[in-house]
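Listed below are the residues making up each chain.
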Amino acid sequence: MHSEIAEVVREKPGVVTPVRIGHTVQKRPIWGFKIRDPIRPPKKKILVFAGLHALEWVGVEAVVEYILALAGHPVEGVEATAIPVVNVDRRRLVEEELLNGVRKYRRSNHNGVDLNRDYA
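Residues numbered from 1 in each chain as written. Predicted model: local features only at pLDDT ≥ 70, side-chain atom pairs only at ≥ 80, totals over all residues. Heavy atoms only, no water.

Notes on the packing of helix 1 (residues 2–11) against helix 2 (residues 58–72)
Okay, step 1: Relative to each other, helix 1 and helix 2 sit at 15°, their axes nearing to 10 Å. The orientation of helix 1 with respect to helix 2, classified from their angle, is roughly parallel. Remark: the crossing between helix 1 and helix 2 carries left-handed chirality. Facing Glu4, Ile5 and Val8 of helix 1, the residues of helix 2 in contact are Val64, Glu65, Ile67, Leu68 and Ala71. (Axes fitted to C-alpha atoms, helices over the stretch in contact; angles between N-to-C directions. Helix = DSSP H or I, 4+ residues; strand = E, 2+ residues; numbered from the N terminus. Parallel < 35°, antiparallel > 145°, perpendicular 65-115°, else oblique. Left-handed = near helix turned anticlockwise from the far one by under 90°. Contact = heavy atoms within 4.5 Å.)

Remarks on the confidence of the model for the chain
Okay, step 1: Put simply, the chain has an average pLDDT of 89, and 98% of its residues get 70 or more.
Okay, step 2: Summarising per-element confidence for the chain, the mean pLDDT is lowest in helix 3 (residues 88–99) (86) and highest in strand 4 (residues 78–83) (97). (pLDDT = per-residue confidence, 0-100.)

Overview of the sheet that holds strand 3 (residues 44–49)
Okay, step 1: A sheet is described by the order of its strands in space; here 4 strands give the open sequence 1-2-4-3, paired in mixed fashion. Single-partner strands in this sheet number two, and they are strand 1 (16–23) and strand 3. Taking each pair of neighbouring strands and ignoring which way they run, the sheet shows an average axis angle of 25°.
Okay, step 2: Here 7 bridges tie strand 1 to strand 2 (residues 29–35), and the two strands are oriented antiparallel to one another. Residue pairing in the sheet places His23 in a bridge with Pro29 of strand 2.
Okay, step 3: Against the sheet, helix 1 touches strand 1 and strand 2, its axis set at about 40° to strand 2.
Okay, step 4: Where helix 2 meets the sheet, its contacts fall on strand 1, strand 2, strand 3 and strand 4, and the angle it forms with strand 4 comes to roughly 150°. (Pairing = 2+ DSSP bridges.)

Let's talk about the pattern of salt bridges
Oppositely charged side chains can form a pair if their charged atoms are brought close together.
Okay, step 1: For the coordinates displayed, the defined rule picks out 6 salt bridges.
Okay, step 2: Taking the shortest distance from any N to any O, the salt bridge between Lys34 and Glu79 comes out at 3.5 Å. Here Lys34, found in strand 2, pairs with Glu79, found in strand 4; they are 45 residues apart in sequence, far enough to count as distant.
Okay, step 3: A residue is classified by how much of its surface remains accessible, and Lys34, at 28% relative accessible area, is partly exposed. (Salt bridge = Lys/Arg side-chain N within 4 Å of Asp/Glu carboxyl O. Buried < 20%, exposed > 50% of the residue type's maximum accessible area, 1.4 Å probe, protein only.)

Concerning helix 3
Okay, step 1: Between its first and last C-alpha atoms helix 3 spans 17 Å; for 12 residues at 1.5 Å apiece the expected length is 16 Å, and the two agree.
Okay, step 2: Within helix 3, the full set of buried residues consists of Val88, Asp89, Arg90, Arg91, Val94 and Glu97.
Okay, step 3: Buried residues in helix 3 make contact with strand 2 and helix 2.
Okay, step 4: Directly beyond the C-terminal end of helix 3, a positive phi value near 80° is found at Gly101. (Expected span 1.5 Å × (residues − 1).)

Focus: the nonpolar core
Okay, step 1: Ranked by size, the top nonpolar core spans 15 residues in total, and within it Ile5, Val16, Phe33, Ile35 and Ile67 carry the most contacts.
Okay, step 2: Elements represented by at least two residues in this core include exactly helix 1, strand 2, helix 2 and strand 4.
Okay, step 3: Ranked by the residues each element gives to this core, the list is headed by helix 2, at 5 residues.
Okay, step 4: In contact with Ile5, not counting residues within four places along its chain, are Phe33, Val64, Ile67, Leu68 and Pro84.
Okay, step 5: If you look at the next biggest cluster of nonpolar residues, it comprises 5 residues, including Ile30, Val60, Val85 and Val88. (Core = buried A, V, L, I, M, F, W, Y, C linked by side-chain atoms within 4.5 Å.)

Shown next, in the form of structure tokens:
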């Protein structure tokens, strides 16, 4: 997923900017991407995020497509920050499990917190 976004970051400097917004329980970086028209200052800011539950793929794919679409046509006066995967630790775990034939639904992060229910 990040390889698609990395290509747009290279092709559209100043339009798409990667931002490390924090880190996970297991100290992995959480990446967001700011998308804006670099010529005009933003008057409004929006936040879009997905990947709270590790096994929910559609939201992640939608946010990646959102980033790619906005990169081609940034909205004048708007800075969007898009975070494709918030629950990075569990997403990686689910991917490893699926490669090994394990199918287990995981809602929480590494500390057992359901990120879609607890925004603290």
